[in-house]
Amino acid sequence: MQRITFMFKQFLREPLWFKILISTTLLIALIFSNSYFSNAPAYQGFSKLAAAIFFIAYGMKMRRNRTTAIILYAAAVICLYLAWHKFELMG
């Protein structure tokens, strides 16, 4: 519980543009990954792309902790690959 409290307090100290970026990408990723949008590959691709931006942003913030940053960057690469695959299915 202390770790969650620490992360929340750290989030509150971030600049406004970072809070907006993180909140928006997380919201887009959650909404477009909903089963309601499962028939449209474009929405699924946007969901993965938003998740990749989320992971990259937090990876850059956590770059002092190399292990955490590498894990977040790896998750971003996976999301980018999945987004590319979804967009490829459209065309």
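To be clear, the structure that these remarks concern was listed above.
Here the residue numbers are simple positions, counted from 1 along each chain's written sequence. For this predicted model, a pLDDT threshold of at least 70 governs which residues receive local features, and a threshold of 80 or more governs which side-chain atom pairs are given and counted, while totals over whole chains, interfaces and linings are taken from all residues. The basis for the side-chain values is all heavy atoms of the structure; hydrogens and waters are excluded.

1. Concerning the pattern of salt bridges
Salt bridge criterion: a side-chain nitrogen from Lys or Arg within 4 Å of a carboxyl oxygen from Asp or Glu. Counted under the stated rule, the structure contains 1 salt bridge. Among the ionic pairs, E14 bridges to K61, the shortest N-O distance being 3.0 Å. Remark: K61 occurs in helix α3 (residues 41-61) and E14 occurs in the loop between α1 (2-12) and α2 (16-32); sequence separation between them is 47 residues. Numbering of helices and strands starts at the N terminus; helices are DSSP runs of H or I of at least 4 residues and strands are runs of E of at least 2.

2. Some thoughts on the environment of L72
On the secondary structure map, L72 appears in helix α4 (residues 66-90). Between the C-alpha atom of L72 and that of F54, which follows or precedes it by 18 residues, the distance is 9.1 Å.

3. Observations concerning the environment of I31
As for its placement among the helices and strands, I31 is situated in helix α2. Partly exposed residues are those whose accessible area sits between 20% and 50% of the maximum for their type, while under 20% is buried and over 50% is exposed, using a 1.4 Å probe and protein chains only. According to the relative accessible area criterion, I31 is partly exposed, its value standing at 39%.

4. Re the packing of aromatic side chains
Stacked, tilted and edge-to-face are the three classes assigned to paired rings of Phe, Tyr and Trp, where Trp is represented by its six-membered ring and a pair needs centres within 6.5 Å; plane angles under 30 degrees give stacked, over 60 edge-to-face, the rest tilted. A full pass over the atoms with the stated rule returns 7 aromatic pairs. Centroid distance W17 to F18: 5.9 Å. Interplanar angle 85 degrees. Geometry classified as edge-to-face. Residue classification places W17 among the exposed positions, given a relative accessible area of 56%. Residue F18 is classed as buried on the basis of its relative accessible area, which comes to 2%.

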